[in-house]
Structure formats: C-alpha cells, structure tokens
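Breakdown of the fold
Residues per chain are reported as follows:
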Amino acid sequence: MSCFPWLLTRWTSSALSLLLLSVVGRQMGLEVVHATVCSRWDTPGDKSLFQDGDVIIGGLFNVYYLSSAVQQVFTKMPHYQPCTGLDVEALKYLYAMAFAVEEINGNSTLLPGVKLGYRILDSCSRYPWTLQGALSLVGGDTHSCGLSASMPRSADYEQPRDEAAGTKLVPLLIGAASSTTGIMMSRILGPLSISYSASCPCLSDRTKFPNFFRTIPSDIYQARVMAQMAIRFHWTWMGAVIENNDYGHLGLQVFQEEIQGKGVCLEFIETVHTETIVSDARRAALTIQASTARVILIFCWYIDAKAVFLELAKRNVTDRQFLASEAWSTSDDLLQDLTISKVASGVLGVAIRSSTIPGFENYLRSLHPSHRPDDEFLRELWQKEFGCSPGAKQSHARSLQKDSLPPCSGTESLEGVQLPFTDTSQLRVTYNVYLAVYAAAHALHSLLSCPNRDSPPSNKSFCSSPKHIKPIELLQHLNKVNVTTPQGERFYFQGADIPAKYDLVNWQNSPEGSLKLVLTGRVDGFDLHLNESAIQWSTGSNQVPVSVCSESCPPGTRKANRKGEPLCCFDCIPCAEGEISNKTGSLHCERCPSEFWPNVEQTACIPRQLDFLSFNETLGITLTTAAVSGAAVTEAVLVVFLHYRKTPMVRANNSELSFLLLVSLKLCFLCSLVFIGRPSVWTCRFQQAAFGISFVLCVSCLLVKTIVVLAVFHSARPGAETLMKWFGPGQQRGSVFLFTCIQVIICAVWLSLSPPVPQRDLGFQGSKVTLECAMASVVGFSLVLGYIGLLACTCLLLAFLARKLPDNFNEAKLITFSMLIFCAVWVAFVPAYVSSPGKYVVAVEIFAILASSYGLLLCIFAPKCFIILLRPEKNSKKHLMAR
C-alpha cells in the first residue's frame, strides 16, 4: 500500500507539533525532514453524516460548540473538552448540503449517470478538530506509511481509493467555516475546498491559496461598505470591537485603510475571543460604556457579539449606535433575545445577501429520525426541540447527558411547527453552502463529461472516471465555472472569490418587544444603495446619531489628549476638585488657595465656609430631638419604677441596679448632645469622657445583673447555698463602681496626655472647611471603645448562657436581646466612622450612641412596663417564679 506524506491520519501532540514546525520552517526557508508512522485520525466527535455515491464530496461544519467557551490549546491535545452545544443554524447548513446533493442527483442534466455522495463531519469550531476532519476526509484509512521530506499540494496528486478500508476519499471539501481554519487547511494540507463563510481577504491570494474557493465575498467589500457609511453619516469618532483572529484583524485593517485621510478616527479597538469571551466581553463593555464614541463597529462572531451586548445590558448602555459585520448582523439568537433589545436597537449592519431555495423548507420539515436512523445530528435536534429521545443508539459524552429524557412518542414532527431550524425566509450562509455544492457539481460535470465516448479507447485517455478524479484537473474546471443557478442567478468565480453582493439591514423594535430585521439597502460591488428614511436609529428616531471627535472645551474644563489618538481628538475634562479654569480651551486648570474653593461652574475661587454639626440644621435638629426624647422616655420609666418600687417586678434582681441603669441610660442620651454644636477645647474633651463613662456605667449594671441571675439559679443547687453571699447588694454596687472606675482612669489618662482638640480639616475636598474634634491619640479612643466592647461581650456571653434558666420572667433573656443590639450597633459603627467624611463622623457617633441606648431601654424595660401598667395581675411573686 502506498501512502503520501501529507496524508497524516493520526497524530499525537508531538506529531502535530512536528507538522507545525515543518510549516514554520518552510515559511522561513528551512528544509525540515522527518519521518513517523501514521494511521487513521478521525475527529474526536463521533457524529457524521454519510451518503454513498460514485463521487464523494466532504463537508466540515461547526454543528456543535463548547458550551463552556473554553478550548484546549494545541499543546494539550488530545485532552479535549466535550463539545455539547448544538448550533441549529449550522445544522441547517449541513442539511442544505445534503439537500443540494439530492437535488443534483435528481437532475438528469447535471452529472448524468453519476451519483453524488457526501461525508459530513463536525469540527466544533476548533482548529485541531478541523484539521483532523479534513485529514480523515482526504486521507481515508491508512495504517502504515513513511513520511518524506516534503508535503505536496493536494492538487498534484491523483485521488486514490483506500481499498483496504473500503473508504472513498473525497476530491473536494465544502468548508472550512472560518478564515483561520481555511488558512490552516490550505497551508498545512492543501485540499481542494470551497468555503461558505471564510471571508478573510488574505484567502484571495492565489499564489498562497491556489486550491481555495469560496461562495462568500471577501471582507474587503464589507469593510469598505462600513467605511463608506461612516463617511456618509459624518461619524468622525468611533470605537471598534473585533474578533481576535484573521477575520477581525484583517477586516479592521481594510476599514482603517478606507477611512485614512477622511476625518474618521477610532477611539479604541477591543479584541474578543471565544476562548476568553467572558472576560473579553466584560472588558469591551466597560470600554464602550466609558467611551465618548457613540458609534461602535463590531466585527466579530455572533456568539461573541451577544456576550458583549449582554454585558452592555447589565450596565444599561443604551445610547450607542452599532455597525454590524455580516457574521452577526442577521443572527436570530440576538434578534429574539429580549435582554439585549434595548441595547441593540437600531443596529445597522452588512449582511450576506439573502435568497431562497425552492423546496428546502419542505425538505427540512420532512426530516424525521425514523427515516434516518443513523443521523445523530437529527437525533440531537429532536432532543433539543422536543425534549425527548428518539430511542436509537446513543454514543459519546453528549448522549450521556440525554439519558434522563423520556422516549419520543413518534408523533413529533417538524411539520406545522415554527422553529428557527425550519425558517427558510432569509437564507444567507445556508445559500452559500447550497451554491458551493452546485459549484462543485458543475466542476465535476465539466470534468467527467466526455464528448467522444464512442471513439476508440486510444482516444479516450483524457476522459476522467469518477473513481480516478485528479484534484488538479477538478481545480481547472472550478476556475471555469460560469453557470446559472436554479434560482436564475449567474454564478462564477473571480479567482477564489465571487462578485460582492450584500444586504444592508437595520434592527428595529417590533410590537412583541423583540427586534426585527428590516432591509434598508443593497450593495453591488462598490455601489451602495441605502434608503436612509427607512432606518430606525438607536435613539428610536430617524435622526442620524452624532459621533464627533471633540467639541471646544468651555470654561471650567481643560483639554486632555487621548493616548495614542490624534491631537484633534481630545476630552474636555472638568477641572479637578479645588481647581478652576476661566478661559475657553484651557490646557490647564489652576488650583485655588487652601482657604478658597471653586464655584459650581469651576470658573472662579470663592472663600470656603466653616462647617460643623449645629443645632440649627436639619440633621442636628433630628439628632437633638431623638436624644431629648430618649432621655424623656427614660425619665418616664424611672418615674414608673419609683411609683411601683415595692412590686415584685421592680424588686426582682436588685431594684437598685435597675434605678442605676435608668440613670446611666439617661446620661447616655444626654451625652450625645455634647457632640452637637461648634467644637471647643472643653467640649472636645468632655464629649468623649461623658460618652465612655456613661456607657461603661450602663453596661456594668447589665453585667452585674446577669451575674446575679446566674448566681441565684446556681445557688439553688445542693451544696451551693453560700454562693449568694458573694453576690449581695453591696458586692453588686461595688462591682459596678469598680468597672466604672477603670473607664474613668482610662479617660483621665487619655485626656491628660493627648486630648482631642478642635481643628479645621482642610484635607476634605469641598466648598466648606470642616471644624471637628481631631483625635490626637487614636490609642486612647480605641481603649475607651475596647473596654466598653469587652464588658458588652462578657455580658452577652453570660446572658446567653442564662437565657434558658427556669423562670417565667428570666431577665437574662431581655439582657441577651439588648446586648445583641448593642454589639451589632457598635460593630457597624467602626467602618462607618472611619469612612464618613467631615461632620458626618460626628453624626455617625451620635447615631450609634442613640441606637444602642434605645436598644437597651426598649429591650430591658419595655416588657417590664407592659406588665406593670397593662398586666398588673402578672406583677406577682407567684407568677414571676412559676416555671
């Protein structure tokens, strides 16, 4: 068996690396000689579509995609991620090829006596899989062959038939789906191919890609159309989001060449890639949101364009006009997505010309798994659209995910249902696939036609046989294809390309809330025919959006050149805080002196006003009212307790501590008033001391009351009768005095060594100078707060332990709730205090004092007052001690 060196049909990662090295070596003028062993290398996916015939043509389609949007790089092969997402639109391309082949086989005038077959593989939008598929199609089954030093182009060999495996090799491929894969296939393998969507301008170079044809115009034409529209509508300041591959970069290159010297500038160029689309789309959306360009050119694949629009929708960016390339301008996936309808409304795009294929819709609707039991693609479609399993063989990782689906009833049908798969109203890429198959058929017809078959055998040597087709001969006939399609359209190749024809489409709002595609113009070659009155722009009107580079900067702003952009394109940046500019077109802003601040327009400096929390402003009045109200309520509770001081409810758990607690709460409310008003030397000292001592006195009372509750219940146990002698009234008063004295000592040392002092805060940027009590020693203030926190946490812990002791009115429960509120308030106080500006630092501290004081007052005394005043029958020793 003979095997050509280029017919590699199974490569390990190292073998593929050798191949790539050989290609790079030839690009550099080096000779690379290598040898290995090769055998069949099929695509990792096991799904394919096959129809036997005298001549087999191959098809490569991206029927599936990586739902995780993460692909492995070449160096990690063959550890592939599973390809699980079914692209219904790409599936339509596949069946367009199958339909065209069946239509050709039924045509008595085209390829008479020759049955055309096909073998179609899925490449999952992955470059290695595309190479694998192409190798499988053109290489067949070979088990052992040596590699020589070079790799001749496929046009120079005679297409064999692998007799050992019985596989018919394909002389021509319909594919690849992208420019990058088309370039890779042509440079590495060199098969004769007709692409339906590879539009890179570089593929028009016949010296580099002599075996490549396509039924889609080169991106040169659509990029020129976009440039013409930008110039026509005077969009002098634009942004661009492009695919990070040949499609995006070369398309942008042509666009930039067309706008050069025409007064159109690009503010930014963002690249996106399917492998990193999540982060790329987020970055692109942030750039668009922050940009001043109102017209954005998006030159990328529809899946990536959708990701960008979803990120824009999250940020509610609705004031941009988008120019769409043909890769996404007609995507139903975007048009029907209500999430992006507000963002994408008004899109103006270049689209592949639309056409119809008679009989194709009926063909699609007649498809059924029962008629095509070996069609795994159709089985997947059934599972996706009908949510059931047709019930034939399952295979590979994708099928494992469908095990939970119920079996189909058999009545499911594409007849009478409206699905994107059966929509044939506007066939674009699908029609390109259809044209590619017909181009191949006409070339084969021309090659296999033998005008003098009745002549002697010696004169028929030039006649080709379906079993022995030489791609170099087929190439010559492809170059000469000039026919009329069944739709009456003249079709021919100009080198690798076809004449440029496009539709100009506009995305307009529909009554259902989604977007609809409206045809607003056509392009024939370089002629642009556009109906401007039919366009609905992103603003929702017929007024053309304005997207200019820069207006003259008014007073209060300054010019700022944009890095890497023309000097004529600049931003008018408002002067920074504390700076002014009083001239039009100022290059710099001037800073005001420290005692002055700019006016609202930032055109002049005015004196800064002195600012502090006063009793006259709304915030001061509110806090004063809250403090006085709290003190009044506390006084009222104190009066009630004095009046009912001999009742069990008041006498329970040391009434002296209850009275002392009320007094301390009243002091807590009143100490907050010291923080309001113009700061002075004595108020700055007194306010922190009053705050710290009042709260320690309050928390100390609660702590001692909690200890007493625990001691009372534990003394009831056998052998613990003497426990209460350590917690008598005298010991309780002494404990409160001791705890309070510690705070007094801390405050005395702090205020004597490094007390707070009134100070003007010039660092706070604003029209006012804040007069505040500056903490000369953060350590002293931290010790005051820390000591209060220590007592509060200890009290909370003991009260939590005593909350379930057997008593009908266990005061520990009330203390637990009150201390929870207290701790929560002061834990939240620290970050709020640190981050608050100016006089709001004081307001935050007052709020914390009042909130914690109200929490203690209400949680501890509200239930007692309720029983004393409204349920006097429960104010008895018997009720209180009942279990």
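Right above here is the structure, for reference.
Remember, predicted model here, so these are calculated numbers, not experimental data.

1. Notes on the overall build of the chain
- Counting its regular elements, the chain contains 24 helices and 29 strands.
- For the chain, the proportion of its 883 residues judged to be buried stands at 53%.
- A sequence separation of at least 24 residues applies to 72% of the contacts in the chain between residues at least 6 apart.
- In the form shown here, the chain has an accessible surface area of approximately 38800 Å², with 58% of it arising from carbon and sulfur atoms.

2. Description of unusual backbone geometry
- Ala176 follows Gly175 through a cis peptide bond whose omega is 5°.
- In this structure, Ala176 sits in the loop between strand E8 (173-174) and helix H4 (179-189).
- At Leu111, a position not held by glycine, the phi torsion is positive, near 55°.
- In this fold, Leu111 is placed in the loop between helix H2 (88-105) and strand E5 (116-122).
- Of note in this structure, Gln602 is not a glycine but carries a positive phi near 55°.
- Position of Gln602 relative to the elements: it lies in the loop between strand E25 (596-598) and strand E26 (605-607).
- Classification of Gln602 as buried rests on a relative accessible area of 16%.

3. Observations regarding a nonpolar patch on the surface
- Where nonpolar side chains cluster on the molecular surface, the patch consists of Tyr65, Trp301 and Ile303 and spans about 250 Å² of accessible area.
- Structurally, Trp301 can be placed in the loop between strand E13 (295-299) and helix H8 (302-314).

4. Focus on the sheet that holds strand E18 (residues 501-509)
- Pairing within the open sheet is mixed, and its eight strands lie in the order E12-E11-E13-E14-E15-E18-E19-E20. Whereas interior strands pair on both sides, the edge strands pair on one side only; in this sheet they are strand E12 (265-272) and strand E20 (527-530). For this sheet the average axis-to-axis angle between neighbouring strands, irrespective of direction, equals 25°.
- Where strand E14 (residues 321-324) and strand E15 (residues 348-352) come together, two bridges link them in parallel fashion. Across the sheet, the residue bridging to Ala324 is Gly349, located in E15.

5. Looking at helix H6 (residues 246-259)
- With 14 residues, H6 extends 20 Å between its outermost C-alpha atoms, agreeing within 8% with the 20 Å of an ideal straight helix rising 1.5 Å per residue.
- By the burial criterion, the buried members of H6 are Tyr247, Gly248, Gly251, Leu252, Val254, Phe255 and Ile259. Looking straight down H6, one finds that the buried residues subtend no more than 160° of arc, so they occupy a single side.
- In this structure, the buried residues of H6 make contact with helix H5 (219-232), strand E11 (237-243), E12 and E13.
- Sitting at the head of H6, Asn245 places a side-chain oxygen 3.1 Å from the backbone nitrogen of Tyr247.
- One or two residues past the end of H6 sits Gly261, with phi positive at roughly 80°.

6. Thoughts on the state of the cysteines
- One pass over the full model with this rule turns up six disulfides.
- Linked covalently through their sulfurs, Cys684 and Cys773 form a disulfide whose S-S length is 1.9 Å. Judged by the sign of its S-S torsion, about -80°, the bond between Cys684 and Cys773 is left-handed. One end of the pair, Cys684, is in helix H19 (residues 681-715); the other, Cys773, is in strand E29 (residues 768-774), with 89 residues separating them in the sequence.
- Residue Cys773 is classed as buried on the basis of its relative accessible area of 16%.

7. Focus on the nonpolar core
- Counting 77 residues, the largest nonpolar core has Phe61, Tyr95, Ile174, Ile194 and Leu478 as its most contacted members.
- Elements supplying a minimum of two residues to this core: strand E2 (55-61), H2, E5, helix H11 (360-366), helix H12 (376-386), helix H14 (429-448) and helix H15 (471-479).
- The greatest single-element share of this core, amounting to 15 residues, is contributed by H14.
- Here Phe61 is in contact with Tyr93, Leu94, Met97, Ile120, Leu121, Asp122, Ser123, Cys124, Ile174, Tyr196 and Val433, once residues within four sequence places are set aside.
- Formed by 69 residues, the second largest nonpolar core is a distinct cluster that contains Leu703, Trp750, Phe822 and Leu857.

8. Overview of the packing of helix H16 (residues 618-643) against helix H23 (residues 840-870)
- For the pair H16 and H23, interaxial distance at closest approach is 10 Å and the crossing angle is 25°. The orientation of H16 with respect to H23, classified from their angle, is roughly parallel. Here H16 runs over H23; the crossing is left-handed. Taken together, the residues of H23 that come into contact with H16 (itself represented by Leu619, Leu623, Ala626, Ala627, Ser629, Gly630, Val633, Thr634, Val637, Val640 and Phe641) are Tyr840, Ala843, Ile846, Leu850, Tyr854, Leu857, Phe861, Lys864, Cys865, Ile868 and Leu869.
- Of the residues in the contact of H16 with H23, the class split is 18 nonpolar, three polar and one charged.

9. Section: the packing of aromatic side chains
- Evaluation of the coordinates by the stated rule reveals 32 aromatic pairs.
- Relative to Trp537, the ring of Phe233 lies with its centre 5.1 Å away and its plane at 85°, an arrangement referred to as edge-to-face. Linking Phe233 in the loop between H5 and E11 with Trp537 in the loop between E20 and strand E21 (557-561), this pair joins segments that are 304 residues apart in sequence.
- For Phe233, a relative accessible area of 7% gives the class buried.
- You can call Trp537 buried: its relative accessible area is 0%.
- Among the aromatic residues, those joined into a ring-pair cluster are Phe691, Phe695, Trp750, Phe781, Phe822, Trp826, Phe829 and Tyr833.
- Directly above the aromatic system of Trp129 lies the positively charged group of Arg126, at a separation of 4.6 Å from the ring centroid.

10. Digging into the sheet that holds strand E27 (residues 609-611)
- Pairing is mixed in the open sheet, where three strands are placed in the order E27-E29-E28. Looking at which strands have only one partner, the edges of the open sheet turn out to be E27 and strand E28 (757-761). For this sheet the average axis-to-axis angle between neighbouring strands, irrespective of direction, equals 30°.
- Two elements, E28 and E29, share five bridges in a ladder whose sense is antiparallel. Bridge assignment links Pro758 to a residue of E29, and that residue is Cys773.

11. Here we look at the packing of H2 against H12
- Running from N to C, H2 and H12 cross one another at 145°; their axes reach a closest spacing of 11 Å. In this structure, H2 meets H12 at a crossing whose hand is left-handed. Across from Val88, Leu91, Leu94 and Tyr95 in H2, the residues of H12 making contact are Phe377, Leu378, Leu381, Lys384 and Glu385.
- Partitioning the contact of H2 with H12 into residue classes produces seven nonpolar, no polar and two charged.

12. Section: the side chain of Glu326
- If you trace the backbone, Glu326 turns up in the loop between E14 and helix H9 (332-335).
- One buried charged side chain, Glu326, makes no salt bridge at all; its nearest oppositely charged neighbour is Arg428, positioned 9.1 Å away.
- Those residues in contact with Glu326, other than ones at most four positions away along the chain, are Ser199, Ile216, Asp219, Gln222, Tyr247, Val350, Ala351 and Ile352.

Thresholds applied
Counting starts from 1 at the beginning of each chain's written sequence and moves along it residue by residue. Side-chain atom pairs in this predicted model are given and counted only at pLDDT of 80 or more, local residue features only at pLDDT of at least 70, and totals for whole chains, interfaces and linings cover all residues. Here the side-chain values reflect all heavy atoms present in the structure, with hydrogen atoms and water set aside. By definition, any uninterrupted DSSP run of H or I lasting at least four residues is a helix, any uninterrupted run of E lasting at least two residues is a strand, and each is numbered from the N terminus. Partly exposed describes any residue whose relative accessible area lies between the buried limit of under 20% and the exposed limit of over 50%, with all areas from a 1.4 Å probe on protein chains only and scaled to the type maximum. Every residue pair with non-hydrogen atoms within 4.5 Å of one another is taken to be in contact. In these tables, accessible area is a Shrake-Rupley quantity obtained with a 1.4 Å probe, and a residue counts as shielded only by the protein chains included in the view. Only residues whose relative accessible area exceeds 30% and that form no salt bridge enter a patch; like-charged residues are grouped when within 9 Å of one another, and nonpolar side chains (Val, Leu, Ile, Met, Phe, Trp, Tyr) when within 5 Å. When a carboxyl oxygen of Asp or Glu is within 4 Å of a side-chain nitrogen of Lys or Arg, the pair counts as a salt bridge. Here the rule is simple: two strands pair whenever DSSP picks up at least two bridges between them. Note on geometry: axes are C-alpha line fits, over the in-contact stretch for helices, and angles between N-to-C directions span 0 to 180 degrees. To estimate how far a helix should extend, the number of its residues minus one is multiplied by 1.5 Å. This arc is built from the directions going out from the helix axis to the C-beta atoms. We call two N or O atoms a polar contact when they sit within 3.5 Å, provided that within protein one can donate a hydrogen and the other can accept it, with sequence-adjacent residues counted only if both atoms are side-chain atoms. Two cysteine sulfur atoms make up a disulfide if the distance between them is within 2.5 Å. By nonpolar core we mean a set of buried residues, namely Ala, Val, Leu, Ile, Met, Phe, Trp, Tyr and Cys, connected to one another through side-chain atoms within 4.5 Å. An angle counts as roughly parallel when it lies under 35 degrees, as roughly antiparallel when it exceeds 145, as roughly perpendicular when it falls between 65 and 115, and as oblique in every other case. Whether a crossing is left-handed or right-handed is set by the direction in which the near helix is turned from the far one by less than a right angle, anticlockwise for left-handed and clockwise for right-handed. Think of it as three bins: nonpolar holds Ala, Val, Leu, Ile, Met, Phe, Trp, Tyr, Cys and Pro, charged holds Asp, Glu, Lys and Arg, and polar takes everything else, Gly as well. Within 6.5 Å between ring centres, the rings of Phe, Tyr and Trp (the latter by its six-membered ring) count as paired, and their orientation is classed by plane angle as stacked under 30 degrees, edge-to-face over 60, tilted in between. Each ring is checked for a lysine NZ or an arginine CZ that lies within 6 Å of its centre and within 35 degrees of its normal; such an atom marks a charge sitting over the ring. A residue counts as positive if it is Lys or Arg and as negative if it is Asp or Glu; His and the chain ends are not included.

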